[in-house]
Amino acid sequence: MRLKTSSSKNSLSFYVIKDIINNDKRTSKIVEILGTYDSLLQKHKRDPFEWAKEYIAELNRKEKEETLPVTITRHQAKLINKNEQVLLNGGYLFLQQLYHQL
């Protein structure tokens, strides 16, 4: 995600945008409208450019954390309820245990 500013004759607006690739074409999508320069200055009592860059860095950090790989542990002795559907792609689990032993 990155910061985009748009200026008109009366104000300067701040947007959070994200680049997306669809069918080998690159496009941008507005994720959030942050506001105008004056409104952000009143709200945060500091330079809106600095605040917006820090805010976007925080959003990027959170997005990276959500895309980290997740390890699921299951116990063989635990029974699964008869009417409960559990779908896990677990073909790699026995290999993962061997890998971690190395």
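All of the points below concern the structure found in this document. Each residue is numbered by its place in its chain's sequence as written, counting from 1. With the structure being a predicted model, the display of local features is reserved for residues of pLDDT at least 70 and the display and counting of side-chain atom pairs for 80 or more, all residues being used for whole-chain, interface and lining totals. Remark: hydrogens and water are excluded; side-chain values derive from all non-hydrogen atoms of the structure.

1. Quick word on the pattern of salt bridges
Two side chains bearing opposite charge may form a pair once their charged atoms approach each other closely. Rules: For this analysis, a salt bridge means a side-chain nitrogen from Lys or Arg found within 4 Å of a carboxyl oxygen belonging to Asp or Glu. Elements are defined by DSSP. Helices are runs of H or I of four residues or more, strands are runs of E of two residues or more, and each kind is numbered from the N terminus.
Per the counting criterion, the structure on display carries six salt bridges. Residue Arg 2 pairs with Asp 19 through a salt bridge whose shortest N-O separation is 3.2 Å. Taken together, the residues span a long stretch of sequence, with Arg 2 in strand β1 (residues 2-7) and Asp 19 in strand β2 (residues 12-22) at a distance of 17 residues. Glu 54 is paired through a salt bridge with Arg 46; the nearest N and O atoms lie 2.8 Å apart.

2. Brief notes about the pairing of strand β3 (residues 25-36)
Test applied: Here, a strand pair is defined by DSSP locating no fewer than two bridges between the strands.
Pairing of β2 with β3 involves 10 bridges; the strand directions are antiparallel. Within the sheet, the bridge partner assigned to Ser 13 lies in β3 and is Thr 36. Following β2, the chain reverses through two residues before pairing antiparallel with β3; Asn 23 in that reversal takes a positive phi of roughly 50°.

3. A look at the nonpolar core
We apply this condition: In this text, buried Ala, Val, Leu, Ile, Met, Phe, Trp, Tyr and Cys residues form a nonpolar core when linked through side-chain atoms within 4.5 Å. Buried, partly exposed and exposed residues are distinguished by accessible area as a fraction of the type maximum, computed with a 1.4 Å probe on protein chains only: under 20%, between the cut-offs, and over 50%, respectively. Whether two residues touch is decided by their heavy atoms; if any such pair falls within 4.5 Å, the residues are in contact.
Counting eight residues, the largest nonpolar core consists of Phe 14, Val 16, Leu 34, Leu 40, Trp 51, Ala 52, Ile 56 and Leu 59. For this core, the secondary-structure elements that each account for two or more residues are β2 and α2 (48-66). Considering every element that reaches this core, the biggest residue donor is α2, with four residues. Setting aside anything within four residues of it in sequence, one finds Ile 56 in contact with Met 1, Arg 2, Leu 3 and Val 16.

4. As for the sheet that holds β1
How we decide: Axes, fitted as lines to C-alpha atoms, cover a helix only where it is in contact. Angles between the N-to-C directions of the axes lie from 0 to 180 degrees.
Spatial strand order, β1-β2-β3: three strands in an open sheet with antiparallel pairing. Of all strands in the sheet, those with a lone pairing partner are β1 and β3, marking the two edges. Each neighbouring strand pair of the sheet contributes to a mean axis angle of 40°, computed without reference to strand direction. Of the strands in this sheet, β2 and β3 are in contact with helix α1 (residues 37-44), which crosses β3 at around 55°. This element, α2, spans β1, β2 and β3 of the sheet and lies at about 30° to β2.

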